[in-house]
Structure formats: structure tokens, C-alpha cells
Amino acid sequence: MEMDFERCYRAVDSRDQRFDGWFYTGVTSTGIYCRPSCPAITPKRQNVRFFPSAAAAQGAGLRACRRCRPDAAPGSPLWDVRADVVGRAMRLIADGVVDRDGVPGLASRLGYTERHLHRMLSAEMGAGPLALARAQRAQTARILIETTDLAMAEIAFAAGFGSVRQFNDTLREVYASAPSDLRAARGRQQAPAGAGTIALRLAYRPPLHTRALLDFLAVRALPGVEEVRDGTYHRGLRLPHGTGQVALTPADGHVAATLRLADLRDLAPAVARCRRLLDLDADPAAIDATLAADPALAPVVTAEPGIRVPRAVDGFEQAVRAIIGQQVSVTSARTTLTRLLTAHRVDHEVDEVDDDQTPGQPHDQRSELRGFLSAGDLLSLPDSGFGMPVGRREALRGLALAVVDGSVDLAPGVDREEAVGRLLALPGIGPWTANYLAMRAFGDPDVLLSSDLAVRRGAAALGLPDTPPTLDRYAERWRPWRSYATIRLWRAA
């Protein structure tokens, strides 16, 4: 979004929450920055500046508003549409790459020098990669302060700060409060029970069609990895520093998230992956307006506003699901995937018994949800553990080898076109699989799976062309939101 003063000021004056995360409002007379929807009195024009990121506002010497919590606003949906280097960088920063690998690691993954990357981010976001990562660390620290009883030193290092002094200085600068004051301000609210347990709210731009989202995830849920129960989605996670579990419950204006992490350094990437899974940074008003302009889609958009594209917490997991799901029903794919996971767990639990268990002692951790198997786990399975045709088994192994040797990158900040090209070069992966991954694993909002049988059935049900070439031509009017149209056609089927 361009920083047009009049347009931004109108959004602030009307407290339009659709613009939360698109930009931030700096008030020079008070020294704070806010969301556009902040309920405080609208500041005078001469006292207002607009910033493209929270980090840019902090760099201008402003502190975060305690009333509207601008650091917890939904992320900008702009990057999914553009998918340029800045968008890729923002996704990787959100996933904690700068905290783990530093700016050199981020620049290396994007294929640019540190200087040029800093120049691009500063031009677009008003802040360089270090400042953007610092803003995220401050938010992570605030969440830990307010939702756990951890000592401040533990929080400092869990949030990614290099020292307690840096942690104290940053929080005083960003929130105009010492860490101890932030904890005192939470009052008598108790931290969630259990070590490593964190409860927080994930904001989104309304509307959110909860039932469509949970229905999609429930029908594909894999035992031992995920489940939908009583309106809550539960799943296990594989994270950079360890494992985790999350429970996500959609509510009015936010998704309640309860995270259990083996290592609290994984808080920021866990939150980023949950937001990505539920597509919480989307702009449903803009998407629905484009799709509803087509008379054929207008009735379903009106009946079900706020449909999202369920994405992925793990690119490799989604790639395995896509390969197994080629040309079979969702139920058949789920059965095959369950068999694959069971074979891995049997081998894994046997190793645990051999290494750690006293003979005769029961060993059962099946009630715990775990993350999907890694590429290395899949390569360790014997032929008998796959339970599928040889061609599909070898396609999975080829994918896993490509991920292990780095020739295929399935991370959030991947270059989508390059990743799709490399996937198509692998044996057993065709256009449907690569495009399905572009939509769900890479977050491309403009993918139409016109050859998909369910998409064609949905198109026919709505009176639309139902052959791939004619549907492709017709769907040009849905750009840049054809992924959302795909979900609606699936539902129509």
C-alpha cells in the first residue's frame, strides 16, 4: 500500500480495522504509534506520520501504544501478492531466520548481498533486516513476559536477544516500560499451566469463515499429528529448536492459540507458522470483492464471506501430502499417509525402547501429537513402510533427497517460480502437484487448479466452464485471487 496521506488518514479517522498491518500511525505529539483502528481520539493531521512497518515507527523514536497493541496487528497481505524479494525476506524474518543465522544467513538464502538487501528493505519497509528482527524480538519478549512466569534472563535469550542489557534497553525503548513493569501490568492474570506453555491471541482481518477452515483441516487430519475437536484444531509441530504442540480456537476477532514448546526460542516461528496455516494475514474484503464481481461466484461469496486458503506449517509435509494425493481421493490419501506415519513411529518407538526403556516397562506416547516426519525420517524407511506403488515411493524419496541436499527449498521465503520449476524437474511430480504446493506451501494467492476433478465439478455446479482450457481463460477475471476461487470451487463440488 502506498503511503498516501489522505487515504491513510481517512482509515485512521474511521478506525477501519481492515488496514491494521498495512501501515502504522505515528503521533508525534504523544510519541506513540498505533494501529489504524486504535480507539483513541483521532490525532490532528499536523501531528501524524505514517509508517510501513512497526520497525520503521520504532526507528523514528516512537513507542508502541499500550491500548491497541500495534505490534500484534495482522501482517500485511501485500507480500503474498507481490512475492518479491522483500516479501520473501519478511516471511523469513517472521520465521526467525535472522535470530538463528543473522543477516548474512538471510541474505544468503535470498541470493543478495547484505548491503543490497538492507537497501531494498529500508526502501520498502523503512527499516533494515536487523531493525525488523528487533521489532519481532520485542513482541516475542512482551508475549513471554505477560503469559509466562519465566525469569527475565530466560525470556531475554528465548526471545533472541544477545544479552539481558540489550533486552532491557529494547523494551524500554519500544514500550516505554521496564520488563518488570510490563509483567506487573498484567495484574493477577495467571500464566498458563505447564512449562513452555504460552497462551496468546492471533489477530486477523474479519470476516473469517471458521467452519470452512476447520472442515478442510478435519477431513485431512492425520492421526498422531493433528485433530479437530470441539471447534479447536490441535497439531504437533517440528520447529527449528525442538518440537511443539498447538491448539487453535477461532473466536470473534482473533484465534486463541495455546502453544506448548520444548524450546521457547521457537515461539516466533511457531506463531508465524500458525498464522500461515490459517491464512490469518489475508485481506478477505479485497478478495471477496474481486470474486463477487463475477455473477457466477457472487451468491457463494455472499453466503460464505471470509473463506481462507488453508496453508501449511511445514513445506516438506505438504509436498509429501501432495505427491500421495495425486489422482486419488482425500480419504485414500489420508489412509496412505497414516500407514506411512505408523511405519515411521513403529521404528522410532522400537529405537526408544532399545535405548531408554527398562525391560517390561510400558512405553506409550501415542496420546501426544507430533510433527510430521522429516526428509531424513522418510529416507530411513524401508520399502515395506511406504505401502504404495513403486513410482510414487521413489518420487517421495527423490523429493526427500532433493530437500536434504538443498537442491529443492520448501521454506516460507522461497522464490515461488524457481521452486515450482525445480519441483517439476523431479521424477513423479507434475503440474498439479507443483501448483498445489505453490498454493498451500508457498502461499501463492493466484493459483487455479483447473485440471483438478473436484474443481471442475465445482465449476460445473456453478454454471462455469468445466474444461481446463476454457476455465483457465474464464478465471482471468479472478486475478490475483484464483487460489481463493479454487477453494470455493472445491466447496461447491
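Scoring rules and cut-offs
For every chain, the first residue of the written sequence is number 1, and numbering continues from 1 onward in sequence order. Restriction of local features to residues with pLDDT of at least 70 applies here, the model being predicted, together with a cutoff of 80 or more for giving and counting side-chain atom pairs; totals for whole chains, interfaces and linings are based on all residues. Here the side-chain values reflect all heavy atoms present in the structure, with hydrogen atoms and water set aside. On a range of 0 to 100, pLDDT expresses the predictor's confidence in each residue. Helix and strand assignments follow DSSP, with helices taken as H or I runs no shorter than four residues and strands as E runs no shorter than two, numbered in order from the N terminus. Contacts were defined at the residue level, with two residues in contact if any of their heavy atoms lie within 4.5 Å. Being paired, for any two strands, means DSSP has found at least two bridges between them. Interaxial angles span 0 to 180 degrees and are taken between N-to-C directions of axes, which are lines fitted to C-alpha atoms, for helices over the stretch in contact. Note on aromatic pairs: the rings of Phe, Tyr and Trp (six-membered ring only in Trp) are paired at centre separations within 6.5 Å, and the planes decide the class, stacked below 30 degrees, edge-to-face beyond 60, tilted for the rest. Over a ring means this: the NZ of a Lys or the CZ of an Arg is within 6 Å of the ring centre and within 35 degrees of the ring normal. By convention a nonpolar core is built from buried Ala, Val, Leu, Ile, Met, Phe, Trp, Tyr and Cys residues, the set being connected through side-chain atoms within 4.5 Å. Partly exposed residues are those whose accessible area sits between 20% and 50% of the maximum for their type, while under 20% is buried and over 50% is exposed, using a 1.4 Å probe and protein chains only. We count a salt bridge whenever a side-chain nitrogen from Lys or Arg sits within 4 Å of a carboxyl oxygen from Asp or Glu. Helices are assigned an expected span. That span is 1.5 Å times one less than the residue count. Summarising the geometry, the arc corresponds to the directions from the helix axis toward the C-beta atoms. Oblique is the label for every angle not falling under 35 degrees (roughly parallel), over 145 degrees (roughly antiparallel), or within 65 to 115 degrees (roughly perpendicular). Each crossing gets its handedness from the near helix: less than a right angle anticlockwise from the far helix is left-handed, clockwise is right-handed. Residues are grouped as follows: nonpolar covers Ala, Val, Leu, Ile, Met, Phe, Trp, Tyr, Cys and Pro; charged covers Asp, Glu, Lys and Arg; every other residue, Gly included, is treated as polar.

### Some points on the confidence of the model for the protein
And then number 1: Here the protein shows a mean pLDDT of 91. Residues at 70 or above account for 94%.
And then number 2: Within the protein, the lowest mean pLDDT, 76, falls on helix α16 (residues 330–356), and the highest, 98, falls on helix α22 (residues 468–474).
And then number 3: Within the model, pLDDT remains below 50 along residues 350–366, and this stretch shows eight contacts once partners closer than five positions in the same chain are excluded.

### A word on the sheet that holds strand β2 (residues 32–34)
Strand pairing in a sheet is mediated by backbone hydrogen bonds. Such pairs are either parallel or antiparallel.
And then number 1: Read from one edge of the open sheet, four strands run β3-β1-β2-β4, paired in mixed fashion. This sheet does not close on itself; its edge strands, each paired only once, are β3 (48–51) and β4 (63–64).
And then number 2: When strand β1 (residues 24–27) meets β2, the two strands line up antiparallel, connected through three bridges. The residue of β2 that forms the bridge with glycine 26 is tyrosine 33.
And then number 3: Lying over the sheet, helix α1 (residues 5–13) contacts β1 and β3, oriented at roughly 100° with respect to β3.

### Remarks on the packing of aromatic side chains
And then number 1: Tallied over the entire structure, the rule returns eleven aromatic pairs.
And then number 2: Directly above the ring of phenylalanine 161 sits arginine 137, whose terminal nitrogen or CZ lies 5.7 Å from the centroid.

### Looking at the nonpolar core
And then number 1: Leu291, Val320, Leu378, Leu399, Leu423, Phe442 and Trp478 are the most contacted members of the largest nonpolar core, which totals 65 residues.
And then number 2: Here this core takes six residues from helix α15 (residues 315–324), the largest share from any one element.
And then number 3: Once you skip the residues sitting within four places of it in the chain, leucine 399 turns out to touch Phe316, Ala319, Val320, Ile323, Leu410, Leu423 and Leu426.
And then number 4: Counting 51 residues, the second largest nonpolar core, distinct from the first, contains Phe161, Phe167, Val174 and Leu202.

### Quick notes on the pattern of salt bridges
And then number 1: A full pass over the atoms with the stated rule returns 35 salt bridges.
And then number 2: Aspartate 446 is the salt-bridge partner of arginine 482, the closest N and O atoms lying 3.0 Å from each other. Note that arginine 482 is positioned in helix α23 (residues 482–492) and aspartate 446 in the loop between α20 (431–440) and α21 (453–461), a separation of 36 residues in sequence.
And then number 3: Salt-bridge contacts for arginine 479 lead to glutamate 476; the nearest nitrogen and oxygen are separated by 2.9 Å.
And then number 4: Look at arginine 479 and you get partly exposed, because its relative accessible area is 40%.
And then number 5: Here the residues in one salt-bridge network are Arg69, Asp71, Arg142 and Glu146, joined through shared partners.

### What about the environment of leucine 396?
And then number 1: Here leucine 396 shows up in helix α18 (residues 390–404).
And then number 2: Remark: the alpha-carbon pair of leucine 396 and cysteine 68, spanning 328 residues in sequence, is separated by 47 Å.
And then number 3: With near-sequence residues (within four places) excluded, leucine 396 lies in contact with Val320, Ile323, Ile324, Leu378, Phe386 and Met388.

### Observations concerning the environment of valine 320
And then number 1: Residue position: valine 320 is located in helix α15.
And then number 2: Linking valine 320 and leucine 396, residues 76 residues apart in sequence, is a C-alpha distance of 6.6 Å.
And then number 3: Not counting chain neighbours up to four residues away, the residues in contact with valine 320 comprise Leu337, Leu340, Phe372, Leu378, Leu396 and Leu399.

### Digging into helix α6 (residues 114–125)
And then number 1: Helix length check: α6, at twelve residues, gives a terminal C-alpha distance of 16 Å against a target of 16 Å (1.5 Å per residue), a fit within 8%.
And then number 2: Taken together, the buried positions of α6 are Leu117, Met120, Leu121 and Met125. What you see down the axis of α6 is that its buried residues fit within an arc of 100°, all on one side. Seen from the buried face of α6, the exposed residues on the opposite side, beyond 90 degrees, are Arg115 and Ala123.
And then number 3: Taken together, the buried residues of α6 touch α2 (54–59), α3 (78–82), α4 (85–94), α5 (97–110) and α7 (129–147).
And then number 4: Looking one or two residues past α6, glycine 126 carries a phi angle of roughly 75°, positive in sign.

### Some points on unusual backbone geometry
Most peptide bonds take the trans form, and the phi angle of most residues other than glycine is negative.
And then number 1: The step from proline 206 to proline 207 runs through a cis peptide bond, and the omega angle for that step is 0°.
And then number 2: By the secondary structure assignment, proline 207 is in the loop between β5 (197–203) and α11 (210–219).
And then number 3: Put simply, arginine 479 and proline 480 share a cis peptide bond, and its omega is 0°.
And then number 4: Within the fold, proline 480 resides in the loop between α22 and α23.
And then number 5: One non-glycine residue, alanine 176, lies in the positive phi region at around 55°.
And then number 6: Structurally, alanine 176 is set in the loop between α9 (164–175) and α10 (179–185).
And then number 7: Its identity as a non-glycine residue notwithstanding, aspartate 230 has a phi of 55°, on the positive side.
And then number 8: Following the sequence through the fold, aspartate 230 ends up in the loop between β6 (226–229) and β7 (232–239).

### Quick notes on the packing of helix α13 (residues 284–292) against α23
And then number 1: For the pair α13 and α23, the least separation of the axes is 10 Å and the interaxial angle reads 70°. The orientation of α13 relative to α23 falls into the category roughly perpendicular. Note on packing geometry: the crossing formed by α13 with α23 is right-handed. Note on element contacts: α23 touches α13 through Tyr484, Ala485 and Arg488, opposite Ile287, Asp288 and Leu291.
And then number 2: Here the residues of the contact of α13 with α23 sort into four nonpolar, no polar and two charged.

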